[in-house]
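Here's the letter readout for the chains.
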Amino acid sequence: MRIPTYDDLLAAHERIAPHVHRTPVLTSNSLDRLAGAELFFKCENFQRAGAFKARGASNAVFGLSDAEAGRGVATHSSGNHAQALAYAARRRGIPCHVVMPDDAVAAKKQAVAGYGGRIVECAPSYPAREAALAGVLGETGAAFVHPYDDPRVIAGQATCARELAEQTGGLDAAIAPIGGGGMVSGTCLALSALAPDMAVYAAEPEQADDAARSLAAGRIVVDEAPQTIADGLKAPLGELTWHFVSNGVADILTVSETEIVEAMKLMWSRLKTVVEPSSAVPLAAILKNRPIFAGRRIGVVVTGGNVDPDRLPWAGG
């Protein structure tokens, strides 16, 4: 297991600069009052392909040798990494094969296809994803780019927290949603070098709380088929992301499905931006745990905006 370093982050930031946005940081006085804290939202919902995943995918794709790239890339993903890898592959002009669960959001499948990715559907469980991917890799010889448990991907995701630190001029804590742990790992990587005293929190749905249970148990706990509206947070931790989570995360805070939807609505009404359910989990965690964050300057990673407009949870779709 190779653990990415801050030098890897710096190389990634230079490598991906032509292919990703330096996303804005938004604030809201009304949300600050609700939280009792100063909140700084790093809006990766405005990122290429609609999510932070473009950072890690671009770093992995553009870090391949010409020989490796010629065989294409492959992955498994419920949506955002799939879109990001297809996007990066199209930028480099190479094939992209994506295993997606058959219940993935239709808008995300359409986006993958729109970027030229070939979709292979599977049952909605992690073992089914891995089995389908093995078939794709055997068939194509493509390079596997793991959605999160990959040092190239984590180094790419870490560029988000580096930007956040630069854009805010100092924070007391940062919080990001956690599924497989790629963004949280990148956040730990960046802030351990830039602001070692800053606390890093993760936020997770109660109905997909394997990361919280893992942190409590001191080992990786796997939930093979979690059920949550936050579809991007269903993946289990990997060995590499567990290294960062177990060593760098202050706590993992869990929230209910109702709290996720309410936070999603708040971000729409107060920040005037629609985000996917996974992106609303950190705000839900802050509002549920006000004493932890009260009076502090908090960086909030808004991971993506790839929500199906026909299935907004408060609209009954």
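Just so you know, these numbers come straight off a predicted model, no measurement behind them.

Observations regarding the pattern of salt bridges
Link 1 in the chain: A full pass over the atoms with the stated rule returns 18 salt bridges.
Link 2 in the chain: Between Arg92 and Asp66 there is a salt bridge, with the nearest N and O atoms lying 2.9 Å from each other. Separated by 26 residues along the polypeptide, Arg92 in helix α5 (residues 80-92) and Asp66 in helix α4 (residues 66-70) bring together distant segments of the chain.
Link 3 in the chain: By relative accessible area, which is 22% here, Arg92 ends up partly exposed.
Link 4 in the chain: Several salt bridges converge on common partners, so that one network encompasses Lys42, Glu44, Arg55 and Glu163.

A few points about the side chain of Thr159
Link 1 in the chain: Looking at the element boundaries, Thr159 is found in helix α8 (residues 151-168).
Link 2 in the chain: The class of Thr159 is buried, set by a relative accessible area of 0%.
Link 3 in the chain: Discounting residues that sit within four places of it in the chain, Thr159 has contacts with Leu9, Ala12, His13, Ile16 and Arg55.

Quick notes on the packing of helix α9 (residues 182-194) against helix α11 (residues 239-248)
Link 1 in the chain: Axis separation between α9 and α11 bottoms out at 9 Å; the angle between their running directions is 55°. Classed by the angle they form, the pair α9 and α11 counts as oblique. Between α9 and α11 lies a crossing of left-handed hand. Contacts between α9 and α11 involve Gly182, Val184, Ser185, Cys188 and Leu189 on the former and, on the latter, Thr241, Phe244, Val245 and Gly248.

Here's the deal with the packing of helix α1 (residues 6-16) against α8
Link 1 in the chain: Two numbers describe how α1 lies on α8: the axes approach to 8 Å, and their chain directions differ by 85°. Comparing the axis directions of α1 and α8 gives the class roughly perpendicular. Taking contact as the criterion, the partners of Tyr6, Asp8, Leu9, Leu10, Ala12, His13 and Ile16 in α1 are, on α8, Ala155, Gly156, Ala158, Thr159, Arg162 and Glu163.
Link 2 in the chain: Within the contact of α1 with α8, the residues separate by chemical class into 7 nonpolar, 3 polar and 3 charged.

About the criteria used
- Residues numbered from 1 in each chain as written.
- Predicted model: local features only at pLDDT ≥ 70, side-chain atom pairs only at ≥ 80, totals over all residues.
- Heavy atoms only, no water.
- Salt bridge = Lys/Arg side-chain N within 4 Å of Asp/Glu carboxyl O.
- Helix = DSSP H or I, 4+ residues; strand = E, 2+ residues; numbered from the N terminus.
- Buried < 20%, exposed > 50% of the residue type's maximum accessible area, 1.4 Å probe, protein only.
- Contact = heavy atoms within 4.5 Å.
- Axes fitted to C-alpha atoms, helices over the stretch in contact; angles between N-to-C directions.
- Parallel < 35°, antiparallel > 145°, perpendicular 65-115°, else oblique.
- Left-handed = near helix turned anticlockwise from the far one by under 90°.
- Nonpolar A, V, L, I, M, F, W, Y, C, P; charged D, E, K, R; others polar.

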